[in-house]
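Here are the chains, one letter per residue:
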Amino acid sequence: MNNNATRRAVALAAAAVLATGVAACGGSADDGKIRITVGTFSDFGYEDLFAEYEKTHPNIKLEARKLEFDAHHSQLATQLAGGRGAADVVAIEEGWLAQFRTSKDKFVNLADLGAKDLKDQWVSWKWNQGILEDGNFVLGLGTDMGSLALCYRKDLFAAAGLPTERGEVAKLWPTWEEYAKVADRFKEKTPNVKFAGSAENIYTAKLYQSEEGYFAKSDDSFIADTNPKVKEAFLLAGGMGAKGQTAGIKPFTPEWTIALKQGTFATETCAAWALAQIKAGAGEGAADKWDVTSVPGGSGNWGGSFLTVPKQGKNTKEAYEVAKYLTAPAQQKKIFAKTGNLPSEPAVYKDPEVLNKVDAYYNDAPVGQIFAAAADSLKPNYRGTRDSKVRPRFNEALARIEQGKSNPDTAYGEAVTQSRNEVK
Amino acid sequence: MAAPVTDSPLRTPQQPPSRKRRWPLARLDTKVTPYLFVAPFFLIFGAFGLFPLLYTAWVSLHDWQLVDGQQGFVGLANYYALFGDPNFYNALGNTVSMFLLSTIPQLLAALGLAALLDRGLRGRTFWRAGLLLPNVVSVVAVALVFTQIFGRDFGIVNYLLELVGLDRVNWQADTWSSHLAVSAMVMWRWTGYNALLYLAAMQSVPKDLYEAATVDGASRWRMFWSITVPSIRPTILFTIVVSTIGGMQLFVEPTLFDPKGASGVGGSDRQFQTLTMYLYEKGFRLFDAGYASAIAWVLFLVVLIFALINFTLARRIASKG
C-alpha cells in the first residue's frame, strides 16, 4: 500500500501509545465468539469483507485496527519485542517486510497451516517476497502490488502547449530522460507551475524499475555506492529538483494535499494505491483535470503489502483463515473494485471485469488496463534487509537539493557516505 | 489513633511512663504509618521510573535489536560509538539551541505577563484563565497548526512576509528558521503556564513592601526588579529547572514540524533533530535498541547537568538582585 499516507497526528498518538505500552489483547469476546483483530494502515478496503466473513463464520468476530503507515510498522516492532499486543493478522508493507524477515521466529510459519497450497494464486515474484528458506517458511500472504503509472493534469498540459490525450502523452516519455526534457519544455511555457511534485517520487519510481537498488539480490550486500542505477536515478531526479522543476513537496502530507487542490504541480508518479489518495487530495473540484497514463521506462513496483500472523496471537489458526480469505482472488477483486488497489494475483488482474475498469474521476482512464499492462512487464525490485537504514539518506539528500542547499553531485556523495556509515 | 506526643502535665518526671507496654500498637502506628502513606509513590516510581531506568542501562550495554532482543554483551561499545557520532553532537547542539531560544524569552515574557496581571485588571479571571488555555490544547494540535502557519507555500507567516515586501522563508529548510519556528510553538504552549506560576507567587509578596517603596518614591520598574523578582526567587528557580527538563527532552513539536512525518530525522539535513528524536530514530525506525538506550542514558545525564548548571546560575543571579 501507500508508502507514506500521513496522518501525522495519528502517528504521534500511536507513538504515545507505543511509549506507554498500552495495547488491547486478543482473545474471546464476551459473546463467546473468537475475536480476531486485523491490523492495517492506509486503505485496504476490508470493511465490507469483514461483515461477509462474519456471516459465513458465526463463531468469529473480526475487528479492524488501523494506524498511519509508519506508526503501524514501528508499533508492530515494539509489540513483537514485548511479546504481546500485536493484532492477530498484521499487514506489513514490502519495504518494511525486509526488516521483519530477519525476525521470522516471531511469526507463525503459514506453511504449517497449509499456505503452500495457495502458492499459485500470486505472480511468482510476489509469492517469493513473502517466503523464506526456499518456501518452507511462509511469512506472509500477498495483498496488492504497487504497479506504476503516471498521473498528470490535462489542463496544465494544455496551457503549456503539450498534448493532453493519454496515448500521446505516453509517447512523450518512453524514458525518464525524455520525461525530464518534457519538463524543460513545460517550464518554458508555464514558469509558475512546477512539472512534478517531488524529486523523491521520480527517483523512487525510476529506481524501482531496476532489479536491484541499495543491496545485491544475490547476497544482500551493500551496493548503493556502486550500483549505477542508483546514481542514474538520483542524478536525474536531483537534476530536475535543482532546476526547480519539482515543487519539493513530500508526497501524502497535508502540504501535498493543499498543493493538489491549488494545482501547484502537473505530474505525479502514481502506483495503483495512489489514485485514491490523489483523488482525495485534489477533491471533486479537479474531477476532469487529472488523467492517468503509462510511466516512463515501462513499469515498476512501488509497495504492496503482505498479511502476516504474529506468533503471540491466541488464535493463530483462525487468524490464518482470515488472512487466507482476505487474500483470496474473489476478495481481492472486490477490493480492487472498491479502492483500486491492484491485486498481485494474475487471475484477478487478468479478469475482464478488472481489465475493463475505468475511473470516472480520471477522465474515464482505463486504469484496469494501464495497471495490468504495467503488472505484466514488471520486474520486482529487491529491497534488502537494511533498506530502511539507507533509503531515507537518499531521500533527504534529494530534499536538500530541492531546498537549494546542495547540488546533485554533492548530495549524491553525501547520501552514499551516510548510508555506508549506517550499514557498516 | 495517635500516640501522645507530650507527656501529660499531671505526670511527675520521676515516673517516666512506660509507653512501650501501654501503647504497643500506637507506637508501631507512629513509626510505620508515615511510610505507608508515602509508599504508593515510591512503589509506582520503582515500577515505572527506577526499573525502566536500570533496565535501559542494562540494554545499553548490549547489542540489542528492538524485535529480536539481546544479541550479545558489548560493554560500553554503544557509548564509544555515540561519543564519536557526529549526528549525536548535531542533535545535542540543536537541542540546546532550541532550549535557549524558547526558554529565555518564554520566562521573561511570563514574568512580564504575571506582573501585568498582578495589578488590578478588569476581568482578571478571564485573562488568567486565558493564560492557561494554550497549555490545555493538545500539543499535537498545536504543532499541526503551527506547521501550517509556518508552511512554505501556503503559510500565513510567509504571506505576511510577502505583504511587507520580504522574501518567503522555507522554514523547514534552514537551521535558524526551523529552530525559530519550533521555539515559537514551545513558547506559545508554556508562557502562560509559567506566568500563572509567577502570578501565584507574586500574590503572596507582602503589600507593605510596595507601600514602603512607593513612599520612598521608587518607580514601578524599580519595584519590579528590587521587590517582586527577589521575592519570587524560589518560583523562578523552580520554573527554570522544570523548563530545562522539558526543553532538553523536546520531541513532539519538532517531530510534527518535519515534513517527512514521524521519522525522527528532523529535516533534510537533521537541522532540527533533537536528542529525543535521534533516540526515536535509532530505536523505533532502525530498531537499534541498544544504541537508543545509550542515547537515553546520556540524555538523562545531560538533562541533569543542565538542570544543575541552570539552578546554580539562576540562584547566583537572583541573589545578586
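Data block above holds the structure.
Residues numbered from 1 in each chain as written. Chains lettered and ligands numbered in written order. Predicted model: local features only at pLDDT ≥ 70, side-chain atom pairs only at ≥ 80, totals over all residues. Heavy atoms only, no water.

**Here's the deal with unusual backbone geometry**
Point 1. Residues other than glycine seldom take positive phi values, yet Glu133(A) does so here, at roughly 50 degrees.
Point 2. Structurally, the position occupied by Glu133(A) is in the loop between strand 5 (131-132) and strand 6 (137-138).
Point 3. Given the relative accessible area of 43%, Glu133(A) is considered partly exposed.
Point 4. Although it is not a glycine, Arg270(B) adopts a positive phi angle of roughly 55 degrees.
Point 5. Counting through the fold element by element, Arg270(B) comes out in the loop between helix 12 (252-257) and helix 13 (275-285).
Point 6. According to the relative accessible area criterion, Arg270(B) is buried, its value standing at 8%. (Helix = DSSP H or I, 4+ residues; strand = E, 2+ residues; numbered from the N terminus. Buried < 20%, exposed > 50% of the residue type's maximum accessible area, 1.4 Å probe, protein only.)

**What about the environment of Leu275(B)?**
Residues and elements named next belong to chain B.
Point 1. Mapped onto the elements of the fold, Leu275 is located in helix 13.
Point 2. For Leu275, a relative accessible area of 1% translates into the label buried.
Point 3. Sequence separation between Leu275 and Val303 is 28 residues, and the spatial gap between their C-alpha atoms is 11 Å.
Point 4. If we ignore the near neighbours within four places in the chain, the residues touching Leu275 are Phe88, Ala91, Leu92, Thr95, Ile295 and Leu299. (Contact = heavy atoms within 4.5 Å.)

**Considerations on the state of the cysteines**
All names here are of chain A.
Point 1. In the structure shown here, the tally under the stated rule is one disulfide over all chains.
Point 2. Residue pairing for Cys151: its cysteine sulfur links by disulfide to Cys270, the two sulfurs lying 2.2 Å apart. Residues Cys151 and Cys270 share a disulfide whose torsion about the S-S bond is about 95 degrees; that sign makes it right-handed. Of this pair, Cys151 sits in strand 9 (residues 148-153) while Cys270 sits in strand 11 (residues 265-271), placing them 119 residues apart in sequence.
Point 3. By relative accessible area, which is 0% here, Cys151 ends up buried. (Disulfide = S-S within 2.5 Å.)

**A short note on the sheet that holds strand 11 of chain A**
Note: strands within a sheet are paired through backbone hydrogen bonds, in either parallel or antiparallel orientation.
All names here are of chain A.
Point 1. Strand order in the open sheet formed by four strands is 10-11-9-12, and the pairing between neighbours is mixed. Each having just a single partner strand, strand 10 (194-196) and strand 12 (290-293) make up the two edges of the open sheet. Recorded for the sheet is a direction-independent mean angle of 20 degrees between the axes of neighbouring strands.
Point 2. The pairing of strand 10 with strand 11 spans two bridges and is classified as parallel. Following the sheet pairing, Lys194 is matched in strand 11 by Phe265. (Pairing = 2+ DSSP bridges. Axes fitted to C-alpha atoms, helices over the stretch in contact; angles between N-to-C directions.)

This is a description of form; function is not addressed.
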